[in-house]
Amino acid sequence: MPHIAQQLPPTSRRVELHTAPHLNQAIRERTEAEVMRLEQAEPQAIEDRLRALDAEWDIERRLQLNASVASTLGLLLAATASRRFLLLPAAVFGFFGQHALQGWCPPVPVMRRLGIRTTREIERERYALKALRGDFDQLPDTAAPVPERVRAALAAVDA
């Protein structure tokens, strides 16, 4: 019998694996269009977009806020109106657990239809823009000592 961890999707791809292919494709095309738009842009436009990406909330952050708000609302309503509202935080945490394991819960399809991206999808755009900006052009060739190449590669990614 396979270990349970072997049956779970990889964390970095679990939302994409549980999203309709046409939605993943639409998000990918939107990202590609943005990078294409900036391909010939002034350096400041790329800087501005990178700052916007720093501020973009990924789907995980939005789900966390959604769960927090819904649970708090359920607790407040249970304390002031009816104990039946305790079902709301119970359902929210059940779905949140399902999301942690599978990458799916009821708000995910809605958020994906709205174009909300995963961290991986946001980072894909970030690294494409950094490549356009030339951040990776100065990496030493393979003849350079390994520690120097590693430090240069990590510095390029941090730029």
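Here we summarise the structure given alongside this text.

About the thresholds
- Residues numbered from 1 in each chain as written.
- Predicted model: local features only at pLDDT ≥ 70, side-chain atom pairs only at ≥ 80, totals over all residues.
- Heavy atoms only, no water.
- Axes fitted to C-alpha atoms, helices over the stretch in contact; angles between N-to-C directions.
- Helix = DSSP H or I, 4+ residues; strand = E, 2+ residues; numbered from the N terminus.
- Parallel < 35°, antiparallel > 145°, perpendicular 65-115°, else oblique.
- Left-handed = near helix turned anticlockwise from the far one by under 90°.
- Contact = heavy atoms within 4.5 Å.
- Nonpolar A, V, L, I, M, F, W, Y, C, P; charged D, E, K, R; others polar.

### With respect to the packing of helix α4 (residues 43-55) against helix α8 (residues 119-133)
Next up, step 1: Packing of α4 against α8 brings their axes to within 10 Å, and their N-to-C directions diverge by 160 degrees. The orientation of α4 with respect to α8, classified from their angle, is roughly antiparallel. Relative to α8, α4 is oriented so that their crossing is left-handed. Note on element contacts: α8 touches α4 through I122, E125, R126, L129, K130, L132 and R133, opposite I46, E47, R49, L50, L53 and D54.
Next up, step 2: Residues that form the contact of α4 with α8 fall into these classes: six nonpolar, no polar and seven charged.

### Concerning the packing of helix α3 (residues 21-38) against α8
Next up, step 1: The interhelical angle for the contact between α3 and α8, taken along N-to-C directions, is 20 degrees, at an axis separation of 10 Å. Comparing the axis directions of α3 and α8 gives the class roughly parallel. As for how α3 packs across α8, the hand of that crossing is right-handed. Across the interface between the two elements, N24, I27, R28, T31, E32, E34, V35 and L38 of α3 pack against E121, R124, E125, A128, L129 and L132 of α8.

Geometric values such as these leave the question of function open.
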